[in-house]
Every structure is written in structure tokens, then in C-alpha cells.
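Residues per chain, in single letters:
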Amino acid sequence: MLHDRVIIAGAGPVGSITALALSQQGIPVTQFDTERETPTAHRAATTHSSTLDLLDSIGMTPAVLAQGLKAQFFQYRYRETNEVFAEFDFARLAGETNHPYAVQLEQHKTVAIAQDMLRAFPDFVLHREHRVTAVDNSTDQVRVVTETPDGTQRDWTGRYVIGCDGGRSTVRKSQGIEFPGFTWEERFMIVATLFDFEKADNYRYRNYIADPEQWCSVFKIPGPDGAGMWRNLFPVTDDAPEEVVTSDDWIRARYDYCFPYARSTAIVHRNLYTVHQRVASSFRKGRVMLAGDSAHINNPLGGMGMNSGIADGLNLAEKIGKVWRGEADESIFDRYDRQRRPLAQKYVQAQSIQNKETLQAKDKSAAHARFEELRRTAEDPAKHKAFLMNSSLISMAREAAAIA
Ligand SMILES: Cc1cc2nc3c(=O)[nH]c(=O)nc-3n(C[C@H](O)[C@H](O)[C@H](O)COP(=O)(O)OP(=O)(O)OC[C@H]3O[C@@H](n4cnc5c(N)ncnc54)[C@H](O)[C@@H]3O)c2cc1C
């Protein structure tokens, strides 16, 4: 049966926000997700100024602000001396954005806000526990096959398919789109605790701690009850098995090294990740488009994966709207690729790699040179602002808008 609708694989932040932007333009959307519920594993929390501006255009920002924590500052420290060698203040972005701050909100809550808003649209349907297993893009419709946990397969058709199905995207693979890049040797360990780093040592809500052996980060998030919770990220440089790395002993050894005063804190969550830097060789093939992690993945330092993915989704939703209303032809989807793919390399990949290199610099003099450079950047008003324009992805958004 022909459905003149957009099919979205994946109901993570990018799929859900894209679905909302399409629905608000009167476009019917069918969305599939493998999972019964949105996973609550600790992943994205930082929503940048550029994203808050975008989310305002679809009415989501008030709820994000109501549930999230405003993070006006972020800090870089040197572990050995605990010196704050650079601090950045998003207030310097006043006049460039309506939201001169970042907001800390767990990504599953952002998904819930979008999905709650989607309930108002009768032409939107989300099928949970439906894994997209195949996509046929060879005719003037796209055909998608889904499978439910009992093995039932079902066919669906639509005008376009958007792959928002994460880094291992079935949609991307189904189209033979390459995903070149690399995987970092070390894994990343994320730990959540109730220890109050602000009270203990004046941490901001977003902090990076540089060290040649054991860099780490400290972030505050609202937590399940909104009362506040802290996250630490540590690199795992050995190849110890997961049960060792996720043990209390291993984690407490990291606290001993980085934050000895917090070593006896209760660990409320732990998760081990393999980290990649990859960008798909194309974000579009015929009627199939990719957005979010299915199109690009990067390390979490700088908090850019979800933010750039949301910008992909909203860019694409606007273009699909134009084609749907007859205001543009489908060649506009090539512009989506031109606007988003090269800039994912230029901004998201480059900055996330550079952030990691700054934190982990091994050679002492090279490390100090990097810290000094960052200190000078923070101290110089023009450089300070330029740094924030890049790290909040405002520059990326403006450069994308200028691409024909
Ligand atoms: C520790 C950590 C911290 C991070 N912090 C930040 C941050 O602060 N800021 C930031 O911007 N980014 C951050 N990121 C990155 C961010 O989590 C991702 O970029 C974001 O989740 C991408 O969203 P997405 O919707 O594209 O993909 P996902 O969130 O991966 O969602 C994909 C969805 O597709 C579903 N799915 C998968 N396969 C199928 C299929 N075959 N059929 C149907 N459904 C399918 C999945 O169940 C899932 O719901 C962080 C990541 C990590 C690991």
C-alpha cells in the first residue's frame, strides 16, 4: 500500500526532532524504533546555543530550559596543579544567539519532549519494537522492511526514508554508503555520582581536566529527579575486560588520581563506550537521507554529536517541506549533503579530535604550549568569542546557510 509519507528509522533525539519538524509542516510521518522505550544510558547532555535557537523554531526550547540546567561557563583545568587555565563565558555570545549559554539535559529527556509534542499530530505514528531490516530505494517510492521481536516482518512504503538509526545504521548500510574514519584505541568510561563537585571544588557545570595519563571531565546534569547529578568521563587506555573496567575498584582508582576527595562517593551509573570518528561518504542517495549518528560520529568531548545531528534533521525537514509543497525539486537534497557533510568534517570532527588532543597531550612542553594557547584565547575578548562561536556550532550553522 502506498503511503505518501516520510519514514524515519530511529526515535533517538535526531529522529524524534526531525519527525516533529516534519509533522508541524503537515507531512505524515511513520517512525520505527527497535527499542520498547528510549534508553536512559548516559549519553548527550549538553545542548548548545545554536541548537537552542533551532529548537525554539519548533517550540521545544521552553521545555528544554524548564527541565535543564543553564551552563553559562565551562572550564579547563590542569590535573597536576588543579589550576584553571582557561574559562569560557557564553555570555560573550550575547547578540549572536537568543540563548547565550548551554543547557545540560539528558538526551532521553529531550527525546521525551519531542515525542510528547508529536502526540498532537494524528498523521504521526511511532512503531516501537520495529527494527528496520532492509530499505529498497530503487523505484519512485522507498520500501522498508521491519521486524518485530516475534520475528514478524512487514513491508512499508513512503516517499522518503531518513536514517536516524545511530552509528551502526542499517539504513546507511542498506544503501552501501561508506563510513570512513577511525576508531580510537582507548575506550571511554562514563560514571555518574551524586558527589557535588561544585561544592567541593568550585567546578562549573562543564569542565575538562587535562593530564597526560588520565584526562577526565566533570559535568552536571539534572539527574532522574532533577535534583542534580554529576558525570565523569575517563579514558580506558588498557585492554582490560569490561567487568574489570566497570568494577568499583577500577573506578575508585580513577577517583584517587583525579579527585581523591570524591573517592568514597556512591557510583550510581557506569558505562563503557568504544569511540569512533567517522563521516558517511554521502548523506543522500536518491530518496534515502541520513541524519545524526547514522551520518557522522565523533568522540563526546565538546558535546557536538547530538547537536550537529539535530541541525542535520532540521535542515532536512525544511527541505522536505519545500519539496512537499512544490516549492523546490528534489535536487535540493543534494544541497543538504553539501551543507552538512563537509562541515561535519570541518567543525565536529576537527574540534572533537582537537579537544581530545589538548586534554591528553603527553609531552610536557607540548602540553603546556597548548594550555598557554587556550589561556591566551580565553583572555583575549575577540579570540574568546571566536572560540565560543565554533564550539557552540554557531559558526558551522552560518557557514552551512551560506552554501548554495
Ligand atoms: C558518553 C557520551 C556523551 C555524549 N555527550 C554528548 C553531548 O553532550 N552533546 C552532544 O551533542 N552529543 C553527545 N554525545 C553524542 C550523542 O549521544 C549522539 O550524537 C546522539 O545520540 C545521536 O542521536 P541519533 O538520534 O542520531 O542516534 P541515537 O541516539 O543513537 O538513536 C538512534 C535510535 O535508532 C534506533 N535504531 C537503531 N537501529 C535501528 C533500526 N535498524 N531500526 C529502527 N530503529 C533503530 C535506536 O534504538 C535509537 O533509539 C555523547 C555520546 C556519548 C557516548
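Residues numbered from 1 in each chain as written. Predicted model: local features only at pLDDT ≥ 70, side-chain atom pairs only at ≥ 80, totals over all residues.

A word on the overall build of the chain. Within the chain, the secondary structure is distributed over 13 helices and 20 strands. Its C-alpha atoms give the chain a radius of gyration of 21 Å, near enough to 22 Å, the size a compact globule of 404 residues would have. Along the three orthogonal principal directions, the C-alpha set of the chain runs to about 65 × 50 × 40 Å. Of the contacts made within the chain by residues no fewer than 6 positions apart, 73% connect residues no fewer than 24 positions apart. (Helix = DSSP H or I, 4+ residues; strand = E, 2+ residues; numbered from the N terminus. Rg over C-alpha atoms; globule rule 2.2 N^0.38 Å. Contact = placed C-beta atoms within 7 Å.)

As a further point, take the site of the ligand. Neighbouring the ligand are 34 residues, the closest being G10, G12, G166, G292 and G305. When residues of the shell around the ligand are traced back to their parent elements, those giving at least two are α1 (13-23), β2 (29-33), β9 (131-136) and α9 (305-324). For the shell around the ligand, the element with the highest residue contribution is α9, accounting for four residues. Looking at the shell around the ligand residue by residue, the classes come out as 14 nonpolar, 14 polar and six charged. (Near = placed C-beta within 6 Å. Nonpolar A, V, L, I, M, F, W, Y, C, P; charged D, E, K, R; others polar.)

Here we come to the pairing of strand β17 (residues 267-279). Relative to β17, strand β13 (residues 181-193) runs antiparallel, the two being bridged by ten bridges. Pairing of R187 across the sheet is with T274, part of β17. (Pairing = 2+ DSSP bridges.)

Inspection of the secondary structure puts T139 in the loop between β9 and β10 (142-147). When the C-alpha atoms of T139 and G286 are compared, they prove to be 9.5 Å apart, with 147 residues separating the residues in sequence.

Turning to the pairing of strand β1 (residues 6-9), a few remarks are in order. Of the two faces of β1, the one carrying V6 and I8 and the one carrying I7 and A9 are both buried. As paired strands, β1 and β2 are joined by four bridges and run parallel to one another. Of the residues in β2, the one forming a bridge with V6 is V29. For the handedness criterion, the β-α-β arrangement of β1, α1 and β2 is classed as right-handed. (Buried ≥ 20, exposed ≤ 12 C-beta atoms within 10 Å, placed from the backbone. Right-handed = clockwise from strand over helix to strand, strands pointing away.)

Bringing helix α8 (residues 248-258) into the picture now. Buried within α8 are the following residues: I251, Y255 and C258. Buried residues along α8 cover an arc of 80 degrees about the axis, so they all sit on one side. In α8, the exposed positions that point more than 90 degrees away from the buried face belong to D249 and D256. Buried-residue contacts for α8 involve β13, β14 (206-210), β15 (216-221) and β17. (Arc of directions from axis to C-beta.)

One open sheet holds the three strands; their spatial order is β3-β7-β4, and the pairing between them is antiparallel. Either end of the sheet is taken by a strand with one partner, and the two such strands are β3 (46-47) and β4 (69-71). Pairing of β4 with strand β7 (residues 102-104), which is carried by three bridges, proceeds in the antiparallel orientation. From the neighbouring strand, L69 faces β7, where its bridge partner is Q104.

Ranked by internal contacts, the top residues of the largest apolar core, which has 105 residues, are V6, V161, I162 and M289. Once you skip the residues sitting within four places of it in the chain, I162 turns out to touch V6, I8, T18, M289, A291 and L316. (Core = buried A, V, L, I, M, F, W, Y, C linked by C-beta atoms within 7 Å.)

Turning our eyes to something else, we now look at the packing of helix α10 (residues 332-360) against helix α13 (residues 394-401). Between α10 and α13, the least distance of the axes is 10 Å, while the angle of their chain directions is 150 degrees. Between α10 and α13 the crossing geometry is right-handed. Between α10 and α13, the residues in contact are Q339, R340, L343 and Y347 and M396, E399 and A400, respectively. Taken together, the residues of the contact of α10 with α13 sort by class into four nonpolar, one polar and two charged. (Axes fitted to C-alpha atoms, helices over the stretch in contact; angles between N-to-C directions. Left-handed = near helix turned anticlockwise from the far one by under 90°.)

Glancing now at the environment of E35. Looking at the secondary structure, you find E35 in the loop between β2 and β3. Considering only alpha carbons, one finds E35 and P149, 114 residues apart in sequence, at a separation of 9.8 Å.

Of note, the phi angle at N82 is positive, near 65 degrees, even though the residue is not glycine. Along the chain, the position of N82 falls in the loop between β5 (73-78) and β6 (83-89). Judged by local crowding, N82 falls into the exposed class, with 10 C-beta atoms found within 10 Å. Positive phi values are uncommon outside glycine, yet L393 reaches one of about 65 degrees. Positionally, L393 belongs in the loop between α12 (381-391) and α13. With 26 C-beta atoms packed within 10 Å, L393 lands in the buried category.

Okay, the sheet that holds strand β11 (residues 153-158) next. Across the sheet, three strands lie side by side as β9-β10-β11; this open sheet has antiparallel pairing. Pairing within the sheet leaves two strands with one partner each, and these edge strands are β9 and β11. When strand polarity is set aside, the average angle formed by the axes of neighbouring strands in this sheet is 25 degrees.

Turning our eyes to something else, we now look at the environment of A291. With respect to the helices, strands and loops of the structure, A291 is situated in the loop between β19 (288-290) and β20 (296-297). By C-beta crowding, A291 is classed as buried, having 31 other C-beta atoms within 10 Å. Along the primary structure A291 and D150 are separated by 141 residues, whereas in three dimensions their C-alpha atoms are 29 Å apart.

Once that is clear, we can look at the packing of helix α2 (residues 49-57) against α9. Between α2 and α9, whose axes approach to 9 Å, the crossing angle comes to 35 degrees. Where α2 crosses over α9, the handedness of that crossing is left-handed. Contacts between α2 and α9 involve S50, T51 and L54 on the former and, on the latter, N307, I310, A311 and L314.

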